[in-house]
2 protein chains.
Amino acid sequence: MGVLVSGQGTNLRALVRASEDPAYPARVVAVGANRVGCPALEAARQLGIPAQAFPISANSGSAVIRDSSLAAWLLQQGCELLVLAGYDRILTAPLIDAFPERILNIHNSLLPSFAGTMRAVEEALEYGVKITGCTVHLVDAKRVDGGPIVLQAAVRVEDDDTPNSLLERIHQEEWRILPEAVGLVASGRLRVEGRVVRSVHR
Amino acid sequence: MGVLVSGQGTNLRALVRASEDPAYPARVVAVGANRVGCPALEAARQLGIPAQAFPISANSGSAVIRDSSLAAWLLQQGCELLVLAGYDRILTAPLIDAFPERILNIHNSLLPSFAGTMRAVEEALEYGVKITGCTVHLVDAKRVDGGPIVLQAAVRVEDDDTPNSLLERIHQEEWRILPEAVGLVASGRLRVEGRVVRSVHR
């Protein structure tokens, strides 16, 4: 798999940890970022994984051009599956077309609640929900956070939660379900029917 | 409490069961329905609880007129709190004004997902969520299913779930959290801050 990152790389580490098990059906072979110097890139390099930033510079132009280079590089590295692990950019056609039905994203809410926002944890607290969580879904071209759902995990909201304390517990669940979802997709054990994802073997 | 029903009365039974505990801070003193002959009304009568239907007939007019009569009758019976237990009508002003911040509703989804629909369980399955559940919330005049949330419970969706099998597991959780939420409100142990509900004592 290729992994796209923007931040600290904690989900990336969870994927690398999972793939240390010889029985796990995928390996991280490339890490891309939209920013030079993001900590996750440095973490990837320290783990010996090819890692590269693809910023949009004043003269290199648009997101589409960036995504073309990124897609070409990921394919060159041997990626057959793409995981967005806290990647904060919307993908354009060249990337989506390079990995048809093979792109996974993680969102820190129980979709469809709090879709399409980078502030999902804050918005859940402001709304006053008592249960939130996280969602791993396939990325489709139509809607941000709208693709078929692979796995979800629920997290209880406590009365004294701050965005940070709640996010920390959601992260714990993300580090569990993201590698699990990647394993299901990589081993071909999922069937996508319209927008419903089912297991082939139980 | 007064309880409004439209269907089988299983949530009503859960409330009556809870109130058999002497330590429980509320009792069911009246059951109203929008339909003559709904099974929940008959169940209430068998339990010895004053029960009455308030249908809208051709010559008795509107939902507002119905809700005025219903509110007057509930207050006469001594209700201080109103619980919508599978009541499938939207309340109008006379009822909402009679029980300010003292009306609880239960919805069979994890709000804000699948709000404002009677088909929340079907829609959750069609959307392909892996976790759904139920929500007890205060009713406010502004939005259907939009009031401050008191309690939620999560229910896992299984690959082979039908609307009926999923609804059955959601019901189990409803019968648990609805009496619990009523107990919290009746004992004055909740504080509503904007749209966030917190416990006063833990």
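Definitions and limits used
- Residues numbered from 1 in each chain as written.
- Chains lettered and ligands numbered in written order.
- Predicted model: local features only at pLDDT ≥ 70, side-chain atom pairs only at ≥ 80, totals over all residues.
- Heavy atoms only, no water.
- Pairing = 2+ DSSP bridges.
- Helix = DSSP H or I, 4+ residues; strand = E, 2+ residues; numbered from the N terminus.
- Axes fitted to C-alpha atoms, helices over the stretch in contact; angles between N-to-C directions.
- Contact = heavy atoms within 4.5 Å.
- Left-handed = near helix turned anticlockwise from the far one by under 90°.
- Nonpolar A, V, L, I, M, F, W, Y, C, P; charged D, E, K, R; others polar.
- Buried area = accessible area lost by both parts, 1.4 Å probe.
- Polar contact = N/O pair within 3.5 Å; in protein donor to acceptor, adjacent residues only side chain to side chain.
- Core = buried A, V, L, I, M, F, W, Y, C linked by side-chain atoms within 4.5 Å.
- Buried < 20%, exposed > 50% of the residue type's maximum accessible area, 1.4 Å probe, protein only.
- Domains from an automatic or database assignment.

Enquirer: What should I look at first to understand the sheet that holds strand S5 (residues 103-107) of chain B in this one?
Expert: Strands pair in a sheet through their backbones, by hydrogen bonds, and they do so in one of two ways: parallel or antiparallel. Residue and element names in this part refer to chain B. Spatially, the seven strands line up as an open sheet ordered S3-S2-S1-S4-S5-S6-S7, and their pairing is mixed. At either margin of the open sheet sits one strand with a lone partner, and together these are strand S3 (51-53) and strand S7 (149-156). Averaged over all adjacent pairs, the angle separating strand axes in this sheet is 15°, with direction ignored. Pairing between strand S4 (residues 82-84) and S5: three bridges, direction parallel. By the bridge assignment for S5, Leu84 is matched with Asn105. Against the sheet, helix H6 (residues 163-186) touches S4, S5, strand S6 (131-138) and S7, its axis set at about 160° to S7.

Enquirer: I'm lost on the packing of helix H5 (residues 120-127) of chain B against H6(B) in this one. Help?
Expert: Residue and element names in this part refer to chain B. With their axes 10 Å apart at the nearest point, H5 and H6 run at an angle of 115° to one another. Regarding H5 and H6, the two cross each other, and that crossing is right-handed. Residue-level inspection shows Val121, Glu122 and Leu125 of H5 in contact with H6, the latter providing Pro163, Leu166, Leu167 and Ile170. For the contact of H5 with H6, a count of residues per class yields six nonpolar, no polar and one charged.

Enquirer: Would you explain the interface of chain B and chain A in this entry?
Expert: Interface size, as often reported, equals the accessible area lost upon joining of the parts. Taken residue by residue, the interface counts 30 residues in chain B and 30 residues in chain A. Taking both sides of the interface into account, the surface hidden between chain B and chain A amounts to around 2,400 Å²; carbon and sulfur atoms contribute 48%. Three residues, B:Tyr127, B:Lys130 and B:Asp159, lead the burial of chain B against chain A; their summed loss comes to 29% of the area buried on that side. Counting across the chain B and chain A interface gives 13 residue pairs in polar contact (both at pLDDT 80 or more). Where the side of chain B that touches chain A is concerned, the elements lending two or more residues are H5, S7 and strand S9 (196-199) of chain B. Among the elements that line the side of chain B that touches chain A, the one with the most residues is S7(B), at seven residues.

Enquirer: Looking at this model, I keep getting lost on the nonpolar core. Mind explaining?
Expert: In globular proteins that are soluble, nonpolar side chains generally tend to be buried together. Judged by nonpolar contacts, the single largest core of 50 residues is most densely connected at A:Met1, A:Val3, A:Leu15, A:Val28, A:Val31 and A:Val182. If one sorts the elements of this core by residue count, helix H6 (residues 163-186) of chain A sits on top with eight residues. Taken domain by domain, this core gets at least three of its residues from each of domain 1 (1-100) and domain 2 (106-202) of chain A. B:Val5, B:Ala44, B:Cys134 and B:Val182 belong to the second-largest nonpolar core, a separate cluster that totals 49 residues.

Enquirer: Could you clarify how one ought to interpret unusual backbone geometry in this entry?
Expert: With glycine set apart, most residues show a phi of negative sign, and most peptide bonds adopt trans. Residue and element names in this part refer to chain A. Going from Leu111 to Pro112, the amide bond is cis rather than trans, its omega being 10°. Within the fold, Pro112 resides in the loop between strand S5 (103-107) and helix H5 (120-127). You will see that Glu101, though not glycine, has its phi angle at about 55°, which is positive. Within the secondary structure layout, Glu101 lies in the loop between helix H4 (93-98) and S5. Of the residues examined, Glu101 reaches a relative accessible area of 60% and is grouped as exposed.

Enquirer: Mind showing me how you'd approach helix H1 (residues 10-19) of chain B here?
Expert: Side chains of residues three or four places apart in an α-helix project in the same direction, reflecting 3.6 residues per turn. Within the sequence span of H1(B), burial applies to B:Asn11, B:Leu12, B:Ala14, B:Leu15, B:Val16 and B:Ser19. Those residues of H1(B) hidden inside the fold are in contact with strand S1 (2-5), strand S2 (30-33), helix H2 (39-46), S4, S5 and H6 of chain B.

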